[in-house]
Amino acid sequence: MLQRAVCGGEGRLIKGFAGLALLAATCVAWAGETPTPNTDQTPAAPATQAPMTKEQAKELFRSVDDILTFASSDTKLPIEHSVKRKLISRDEVNRYLKDKFDEDEDAKRMERSEIVLKKFGMLDRDFHLRPFLLSLLTEQIAGFYDNKTKTVNLLDWIQPDEQKPVLAHELTHALQDQKVGLTKWSSISMSGVSHTVQEDNRHLQVDEADTARSAVAEGQAMAVFIDYTLRPTGKTLADSPELMDKLKDKVDDTSGSPVMARAPLLLQESLLFPYSEGLSFEEAILVKAGKEAAFAGVLANPPSSSFEIMHPAAFMAHAPVPMIRLPDIHPLIDPEYTPYDVGVMGELDVRILIELFGGREMADALSPAWNGGAYFAAQRKSAVTPAEKDSTASLGLIYYSRWKNRDSARSFMTTYAAQIPRKYSNVVEQKKNEVDGEQIYSTNEGDVLISLTGTGVFVGEGFDLTLARKLRDNIVSVQPGTGPMRQASAPAQEPALLMGRVFASFGSVNAKALERYTSRGSRLKSDGVR
């Protein structure tokens, strides 16, 4: 994937985006409420709330131990020691978020990935990622556990009853931290730009492990959150599979967050991933193998890729993970380009790309036929000014994808090629130069080569045609034939998922959504869940 996540697992906040999408949608479904969306293009300022009283703060502090005991019972993860607790203000939280965003290496890689996402067409050229993500991070906070300081941070402007379900989520992270040490467990991928073929393929092997582990951590915490909220009904996620159907049916509802409602599809899908797909993954393990397997077992032997998170049955069956191998393309690239980024384009990325380019129906039909994909981006050495380096015109991009059959590969090629005029100007198809299933275009940012070889689709954008063909031939030559794809011990991170890991590290649950979920009695009862 193009990105990894912010904080490297050092701080896990429940805050208003990815978890918000899941929880706000669930609240609306179960409570029968339909909040009025904010159509303003700027995020609304949070309502001023008086700090809680000393008595309320004492009550909240006392509840930490009780909820920790519940989380331990629910997960079978032992309590090794008590958890420190601290009451903090909104200003302190906002400073913490901004400092984390500014300092974290994963956040820097995410920002660096912005022009690659734009080159792919997953973000509009005029979209500004950093301010948008900061607005998401500061939209609304509901609590967080910092595994660097081993402290659960309680918010002085949110009522205790509203924070207690959030504590169930965050104290699950505390138990995970006591079990495996989240800072080290969450961050095993490589940092920096690769400059050799060995480094390229090592990136493809290990980077996405962080994404998978983030989804495990958040999925487990979401399961405990739901079980805690279900306590008055006597039910749990494991014995109420109909709850997952409700969550999946409503997961696309963004009305609980004004900022999320106007987010690009890439952000909506990727920021939700650790929570929604992580929860689905955990629910599948719970039902199939029980609590010890779903919690301690998965922490001890976590999945290595988003593919396994999206397909828990494949994870449980130890099925091979689709993986693309790169040859040594540096002798071809390095004379005029500097390596910029390398990683996997996974099933989620493909689904987003196809939905953007061809619509939801096509995405649902075609993305399951994905069978591996990788990209490599390089920047022209002639780009020297900040403006030149920030432009998509400075990048050459290679993308190679494998498909389960030739018809699916051809359909993806056609869908991708149809978007070239949307991404570039001065587009002219060079039919006279096309051979053997190629489509060739000249654009304002250089040549584009798209070609079909067997069940593989090669895309080269920004490289001259001669170089693009050499790159294609080298990449195709090292791929396996018609046999099974080689298994990745931990495939690289997909472009759509760095932001998901970023926001999972910061956390995500919207306070207003939580209020609808927890206030005035159990909202679950209004939907017949008893």
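Basis of the calculations
Residues numbered from 1 in each chain as written. Predicted model: local features only at pLDDT ≥ 70, side-chain atom pairs only at ≥ 80, totals over all residues. Heavy atoms only, no water. Helix = DSSP H or I, 4+ residues; strand = E, 2+ residues; numbered from the N terminus. Buried < 20%, exposed > 50% of the residue type's maximum accessible area, 1.4 Å probe, protein only. Contact = heavy atoms within 4.5 Å. Areas by Shrake-Rupley, 256 points an atom, 1.4 Å probe, with all protein chains shown as cover. Phe/Tyr/Trp six-rings, centres within 6.5 Å; stacked < 30°, edge-to-face > 60°. Lys NZ or Arg CZ within 6 Å of the ring centre and 35° of its normal. Salt bridge = Lys/Arg side-chain N within 4 Å of Asp/Glu carboxyl O. Expected span 1.5 Å × (residues − 1). Pairing = 2+ DSSP bridges. Axes fitted to C-alpha atoms, helices over the stretch in contact; angles between N-to-C directions. Core = buried A, V, L, I, M, F, W, Y, C linked by side-chain atoms within 4.5 Å. Parallel < 35°, antiparallel > 145°, perpendicular 65-115°, else oblique. Left-handed = near helix turned anticlockwise from the far one by under 90°. Nonpolar A, V, L, I, M, F, W, Y, C, P; charged D, E, K, R; others polar. Polar contact = N/O pair within 3.5 Å; in protein donor to acceptor, adjacent residues only side chain to side chain. Arc of directions from axis to C-beta.

> Kindly report on the overall build of the protein, identifying the contributing residues and their values.
Each helix and strand in the protein was counted, giving 25 helices and 11 strands. When each of the 530 residues of the protein is scored for burial, the buried share is 61%. Within the protein, residue pairs in contact and separated by at least 24 positions form 80% of the contacts whose partners lie at least 6 positions apart. With the model as given, the accessible surface of the protein reaches about 19800 Å², and the carbon-plus-sulfur share is 49%.

> Describe the side chain of S270, and please don't skip the residues or the numbers.
Within the secondary structure, S270 sits in helix α13 (residues 265-289). Residue S270 is classed as buried on the basis of its relative accessible area of 0%.

> Before we move on, can you summarise the packing of aromatic side chains with the specific residues and values?
A complete count under the given rule lists 13 aromatic pairs for this structure. Measuring from centroid to centroid gives 4.9 Å for Y337 and F463, while their planes differ by 65°, and the two rings are edge-to-face. You can see Y337 sitting in strand β5 (residues 337-344) and its partner F463 sitting in the loop between β11 (456-461) and α23 (465-477), a full 126 residues away along the chain. Across this residue pair, the class does not change: Y337 and F463 are buried. Chaining the aromatic ring pairs together yields one cluster made of F120, F357, Y375, Y399, W403, F412 and Y416. Note that R231 overlies the ring of F70, its terminal NZ or CZ placed 5.3 Å from the centroid.

> Would you mind going over the pattern of salt bridges in detail, with residue names and values included?
Evaluation of the coordinates by the stated rule reveals 16 salt bridges. Between K164 and E59 there is a salt bridge, and its shortest N-O distance comes to 3.1 Å. Of this pair, K164 sits in helix α7 (residues 160-180) while E59 sits in helix α2 (residues 54-75), placing them 105 residues apart in sequence. Here K164 falls in the buried class, since its relative accessible area comes to 17%. E59 sits in the partly exposed class, given a relative accessible area of 29%. For D65, the salt bridge goes to R85, with nearest N and O atoms at 2.9 Å. Here the residue D65 occupies a position in helix α2, and R85 occupies one in strand β2 (residues 84-88), the gap between them amounting to 20 residues. Judged by relative accessible area, which is 36%, D65 ranks as partly exposed. Taking the relative accessible area as the measure of exposure, R85 reaches 21% and is therefore partly exposed.

> Break down α2 for me, with residues and values.
With 22 residues, α2 should cover 32 Å at 1.5 Å per step; its first-to-last C-alpha distance of 32 Å lies within 8% of that length. The complete set of buried residues in α2 reads A57, L60, S63, V64, I67, L68, F70, A71, S72, D74 and T75. The elements touched by buried residues of α2 are β2, β4 (151-155), α7, α10 (209-230) and α14 (291-300). Positive phi shows up at K76, right after α2, with a value of about 65°.

> Account for the environment of G297, naming residues and giving values.
Turning to its location among the elements, G297 is positioned in helix α14. Sequence separation between G297 and I285 is 12 residues, and the spatial gap between their C-alpha atoms is 9.8 Å.

> How would you explain the sheet that holds strand β7 (residues 395-403) if you had to name every residue and give the values?
Spatially, the 7 strands line up as an open sheet ordered β5-β6-β7-β11-β10-β9-β8, and their pairing is antiparallel. At either margin of the open sheet sits one strand with a lone partner, and together these are β5 and β8 (428-429). Looking at chain direction, β5 and strand β6 (residues 370-380) are connected through 7 bridges and run antiparallel. Following the sheet pairing, T338 is matched in β6 by Q379. In the packing of helix α18 (residues 347-358) onto the sheet, contacts are made with β5, β6 and β7, and the angle to β7 comes to roughly 105°. Contacts between α23 and the sheet are confined to β5, β7, β9 (438-443), β10 (446-453) and β11, with β10 contributing the most and set at about 30° to the helix.

> Which residues make up the nonpolar core, and what are the values?
Ranked by internal contacts, the top residues of the largest apolar core, which has 109 residues, are F120, L171, L267, W403, Y416, I450 and V457. Here the element with the most residues in this core is α10; it accounts for 11 residues. When near neighbours in sequence (up to four residues on either side) are disregarded, V457 contacts Y399, Y400, S401, W403, A409, F412, M413, I450, S451 and L452. Counting 20 residues, the second-largest nonpolar core is a separate cluster that includes I333, A374, A378 and I440.

> Talk me through the packing of α10 against α14; I want residue IDs and the actual numbers.
Orientation of α10 relative to α14, taken along the N-to-C sense of each, is 165°, at an axis distance of 11 Å. By the criterion of interaxial angle, the relationship of α10 to α14 is roughly antiparallel. For the pair α10 and α14, the crossing hand works out as left-handed. Facing V216, Q220, A223 and V224 of α10, the residues of α14 in contact are A294, F295, V298 and L299. The residue makeup of the contact of α10 with α14, split by class, is 7 nonpolar, 1 polar and no charged.

> Can you lay out the side chain of K423 for me, pointing to particular residues and giving the numbers?
Relative to the helices and strands, K423 resides in helix α22 (residues 420-423). For K423, a relative accessible area of 8% gives the class buried. Within the local environment of K423, its side chain forms a polar contact with the backbone oxygen of F120, the two atoms lying 3.3 Å apart. Looking at K423, its side chain comes within polar contact range of the side chain of E461, at 3.0 Å.

> So what's going on with the environment of K291? Which residues, and what values?
Relative to the elements of secondary structure, K291 occurs in helix α14. Those residues in contact with K291 that lie beyond four places of it in its chain are S73, D74, T75, K76, L286 and A296.

> Run through α14, naming residues and quoting values.
For α14, the complete set of buried residues consists of A294, F295, V298 and L299. Each buried residue of α14 lies within a common arc of 100° when the element is viewed along its axis, so the set occupies one face. Every exposed residue of α14 that faces more than 90 degrees away from the buried side is listed here: E292 and A300. In the core, the buried residues of α14 are packed alongside α2, α7, α8 (182-186), α10 and α13.

> Which residues make up the pairing of β7, and what are the values?
Among the 9 residues in β7, 9 count as buried, and that is most of the element. Across the two faces of β7 the burial is the same, with L395, L397, Y399, S401 and W403 and G396, I398, Y400 and R402 all buried. Of the pairings in the sheet, the one linking β6 to β7 comprises 8 bridges and is antiparallel in character. Each bridged residue has a counterpart across the sheet, and for F376 the counterpart in β7 is I398. Relative to β11, β7 runs antiparallel, the two sharing 6 bridges. Each residue of the ladder has a partner; that of S401, found in β11, is V457.

None of the figures reported here should be taken as evidence of function without further support.
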